[in-house]
Amino acid sequence: MALERTNKCYFVGELVEVKDHRLTSYTNKKTGAPTEAISTTIVVKCMINEEENVFSLSAFCNKINNDGSTNKNYNKLVNIKELVGRRVVISGARLVGDRFWSKQNNQLVPAQKFDFSMIREASDKENEDKAEFEFSGFVVRELAEKTDAEGNLLYYQMTIGQATYKEDNMFMLDFIVEKDNVAAARAIENAYPQFATVSIHGVCRNIVTTTTVQEESLFGEPIVKVYTRNDKKLVITGGDQPITGEGEYTEEHITALNKAYVAEGEAIKAKAMNADNAPAASAATTSAPKTVNKKSALAGMFD
């Protein structure tokens, strides 16, 4: 029985930049034949609620499919620069939860990304910018208030985990409810306890702000520094009743996925710190005892 793992994104906006656009080839591990492919990263601007949002999305596409047929998306991606400055529709997109080891902070740092597979020019009727998502998985951390240093409420945040395609690992993403959407916050608090299997939808947001600071020097011209800040959030606007039965993440599923996730984190850390010279501390995950209450059985796993 497949676990619940809806992961869809849909964008309508202006294609403003194509970067890291590379044609490549490699040897197919299954067939041993040379395979042509393209990788690219695009930047799309979407006006959402009269605010400019800028999204970076990446794609990797083989020229030939596994069954020997030609991949219809390949030529579109090869010629994608022709769409710069035009309104486009991006489908076949998904959220990606990545991690890297920060030596400065001495911890794993999460990174939210977007992948896509299909892009086309928007029709005249597709004149409304959109940046939407649908996502399902299990609640890692329940909805909680996020405040500033003075204790003022900024928004509500929850973390949802989702199994990978092979269901042998998982990734996590943070989602928010805006502070004024009290009805949604209360509904989630009441219906989405930790480890529940849930399905949500909402709006992607990434507002880029640039700040220029001028610092005086001992002599000569002042030093000008430019700082860029990305306010990247996934805003929940709706959700379904918790999923039970088919597709539900059970104790056994969550325990196994967490074990793989922890091991992957240790591998990322070890690689960054050069495991030969500085072995990373091992991580052990103890299977939770069998119990009727899933939340009690898994308590403390993601604290």
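Residues numbered from 1 in each chain as written. Predicted model: local features only at pLDDT ≥ 70, side-chain atom pairs only at ≥ 80, totals over all residues. Heavy atoms only, no water.

Student: If you had to explain the overall build of the chain to someone new, which residues and values would you point to?
Tutor: In terms of regular secondary structure, the chain is built from four helices and 11 strands. Reported as C-alpha extents along the three principal axes, the dimensions of the chain are approximately 60 × 60 × 55 Å. Taken across its 303 residues, the chain has 38% of its residues classed as buried. A separation threshold of at least 6 residues defines the contact pool for the chain, and within that pool the share at least 24 residues apart is 67%. Accessible surface, the chain as shown: approximately 18000 Å² in total, 47% of it carbon and sulfur. For the chain, the distance from the average site of its 36 positive side-chain charges to the average site of its 42 negative ones is 6 Å. (Helix = DSSP H or I, 4+ residues; strand = E, 2+ residues; numbered from the N terminus. Buried < 20%, exposed > 50% of the residue type's maximum accessible area, 1.4 Å probe, protein only. Contact = heavy atoms within 4.5 Å. Areas by Shrake-Rupley, 256 points an atom, 1.4 Å probe, with all protein chains shown as cover. Lys, Arg positive; Asp, Glu negative; His and termini not counted. Charge placed at Lys NZ, Arg CZ, Asp CG, Glu CD.)

Student: Break down unusual backbone geometry for me, with residues and values.
Tutor: One non-glycine residue, Glu50, lies in the positive phi region at around 65 degrees. Here Glu50 lies in the loop between β2 (34-48) and β3 (51-62). For Glu50, a relative accessible area of 79% gives the class exposed. Of note in this structure, Glu167 is not a glycine but carries a positive phi near 60 degrees.

Student: Residues and numbers for the side chain of Thr197, please.
Tutor: Within the secondary structure, Thr197 is located in strand β10 (residues 197-215). Polar side-chain contacts of Thr197 include one of 2.9 Å to the backbone nitrogen of Tyr249. Excluding residues within four positions of it along the chain, Thr197 makes contact with Glu4, Gly137, Phe138, Pro242, Ile243, Gly247, Glu248 and Tyr249. (Polar contact = N/O pair within 3.5 Å; in protein donor to acceptor, adjacent residues only side chain to side chain.)

Student: How would you sum up the pairing of β2? Please name residues and give values.
Tutor: With 11 of 15 residues buried, β2 is to be regarded as a mostly interior element. By the bridge criterion, 11 bridges tie strand β1 (residues 7-27) to β2 in an arrangement that is antiparallel. Opposite Lys19, over in β2, you have Thr41 as the bridge partner. Counting the residues between successive antiparallel strands, the hairpin from β1 to β2 contains six residues, one of them, Gly32, with a positive phi of roughly 80 degrees. Examined bridge by bridge, β2 and β3 share 12 bridges and lie antiparallel to one another. Looking across to β3, one finds that Ile48 is bridged to Glu51. Remark: two residues form the turn of the hairpin made by β2 and β3, two consecutive strands paired antiparallel; Asn49 in that turn has positive phi of roughly 55 degrees. (Pairing = 2+ DSSP bridges.)

Student: Quick rundown of the nonpolar core? Include the residues and the values.
Tutor: In this structure, Phe11, Ile42, Leu57, Ile90, Phe116, Ile119 and Phe175 are the most contacted members of the largest nonpolar core, which totals 46 residues. The contact partners of Phe175, leaving out residues within four places of it in the chain, are Leu95, Phe133, Phe135, Tyr156, Gln157, Met158, Ile160, Ile200, Leu234 and Ile236. Core analysis: the next-biggest nonpolar cluster, separate from the first, contains 13 residues, Val140, Met170, Met172 and Ile254 among them. (Core = buried A, V, L, I, M, F, W, Y, C linked by side-chain atoms within 4.5 Å.)

Without other data, these values stay purely geometric and don't point to any function.
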